[in-house]
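Commentary on secondary and tertiary structure
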Amino acid sequence: AYHFGAAEMRPIWSEQGHLRLALTVNGKTRETTLAYNTWPVVVKIEMGRYYPLPSENPQHIAINLGVGEGTLANTKSLVIETCARHDGKVVDTMRIDDLAKALAETRAGYARLPKQDFDTPGPLSWADCKNLLAVTMDFSKLPIHPYDHPIRDYYLRVRGLDAAGKELFADN
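Owing to the predicted nature of the structure, the values given are computational and were not obtained by experimental measurement.

Let's talk about the nonpolar core
Counting residues in hydrophobic clusters, the biggest one holds 22 residues, and the most contacted among them are I61, I63, L65, L78, L133 and V135. Put simply, the parts of the chain that give this core at least two residues each are β4 (43-47), β5 (59-65), β6 (77-84), α2 (99-109), β10 (132-137) and β11 (154-161). Sequence-distant contacts of I63, defined by excluding residues within four places in its chain, comprise V43, K44, I80, N131, L132, L133 and V135.

Focus: the side chain of D162
In this fold, D162 is placed in the loop between β11 and β12 (167-171). K166 provides the closest opposite charge to the buried, unpaired D162, separated from it by 5.5 Å. Looking at D162, its side chain comes within polar contact range of the main-chain nitrogen of A164, at 3.0 Å. For D162, the residues in contact, after removing those within four places along its chain, are N74, K76 and L168.

Side note on the sheet that holds β10
What the three strands build is an open sheet, ordered β4-β5-β10; its pairing is antiparallel. Looking along the sheet, the strands with just one partner apiece sit at the ends: β4 and β10. Taken over all neighbouring pairs, the strand axes of this sheet differ in orientation by 25° on average, direction set aside. Direction of pairing for β5 relative to β10: antiparallel, over a ladder of six bridges. When the sheet's bridge partners are listed, N64 is paired in β10 with L132. In the packing of α2 onto the sheet, the strands contacted are β5 and β10, and the crossing angle to β10 comes to about 90°.

Description of the pairing of strand β7 (residues 90-96)
Strand direction decides the pairing type here: β6 and β7, joined by six bridges, are antiparallel. The partner of T82 across the bridge, within β7, is D92. Adjacent in sequence and paired antiparallel, β6 and β7 are bridged by five residues, among which G88 carries a positive phi angle near 75°.

Description of the sheet that holds β11
Spatial ordering of the open sheet is given by β7-β6-β11-β12, a layout of four strands whose pairing is antiparallel. Of all strands in the sheet, those bounded by a partner on one side alone are β7 and β12. This sheet shows a mean twist of 20° between the axes of neighbouring strands, independent of strand direction.

Details of the pattern of salt bridges
If you walk through the whole model with that rule in mind, you get six salt bridges. Between E81 and R157 there is a salt bridge, and its shortest N-O distance comes to 2.7 Å. Remark: R157 occurs in strand β11 and E81 occurs in strand β6; sequence separation between them is 76 residues. Residue E81 is classed as buried on the basis of its relative accessible area of 8%. Salt bridges sharing common partners tie together E81, R157, R159 and E167.

Some remarks on the environment of Y147
Note on placement: Y147 falls in the loop between β10 and β11. Distance from Y147 to L53, taken between C-alpha atoms, is 8.8 Å for residues 94 residues apart in sequence. In contact with Y147, not counting residues within four places along its chain, are Y51, P52, L53 and E56.

Description of α2
Every buried residue of α2 is accounted for by L99, A102, L103, T106 and G109. Axial view of α2: buried residues confined to an arc of 145°, hence all on one face. Turned more than 90 degrees off the buried face of α2, the exposed positions are A100, R107 and A108. Against β5, α1 (69-74), β6, β7 and β10 lie the buried residues of α2.

Rules used in this analysis
Residues numbered from 1 in each chain as written. Predicted model: local features only at pLDDT ≥ 70, side-chain atom pairs only at ≥ 80, totals over all residues. Heavy atoms only, no water. Core = buried A, V, L, I, M, F, W, Y, C linked by side-chain atoms within 4.5 Å. Buried < 20%, exposed > 50% of the residue type's maximum accessible area, 1.4 Å probe, protein only. Helix = DSSP H or I, 4+ residues; strand = E, 2+ residues; numbered from the N terminus. Contact = heavy atoms within 4.5 Å. Lys, Arg positive; Asp, Glu negative; His and termini not counted. Salt bridge = Lys/Arg side-chain N within 4 Å of Asp/Glu carboxyl O. Polar contact = N/O pair within 3.5 Å; in protein donor to acceptor, adjacent residues only side chain to side chain. Pairing = 2+ DSSP bridges. Axes fitted to C-alpha atoms, helices over the stretch in contact; angles between N-to-C directions. Arc of directions from axis to C-beta.

By themselves, these are just geometric observations and shouldn't be taken as functional.
In structure tokens form, the structure reads like this:
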């Protein structure tokens with residue numbers, strides 16, 4: 001027989017949770033406490049430059065998908081949208097039609113991916129390789145702001161879609 005004790009659910013991602021597991025065989029019980037963490041985001045996006053110079057384009061982007069294996073298996077495509085912060089309007093879109101293939105290509109080619117961007121360590125040099133998707137994006141359609149007046153007036157939205165085009169997850 002086995003018994004799962006009450007899980008200590010943590011509402012905040014930065015706090016560790018615990019689960020007590022007990023297993024009884026022939027009247028003898030062994031138990032242990034397991035620690036777990038949750039991933040703080042559904043999609044983690046890392047860029048080399050958040051305020052790039054005109055010469056720092058295109059950029060390598062590391063995208064980690066923090067979804068369960070079942071959700072990932074049902075996700076057939078990924079849509080990456082560059083959106084205006086003031087109204088949410090999509091100004092550019094990148095579509096990955098075969099997510100499983102793109103993830104496999106990232107894993108297989110990780111050693112060859114550029115780890116330096118613009119003479120500094122890029123996002124692929126520190127990325128978590130679990131569910132990692134490496135893409136190169138062109139941001140030349142976006143305005144360049146001076147370094148002494150940085151404005152984040154655009155953001156990336158990532159949406160995972162199933163084979164029928166239904167949205168399974170989204171994150172900014």
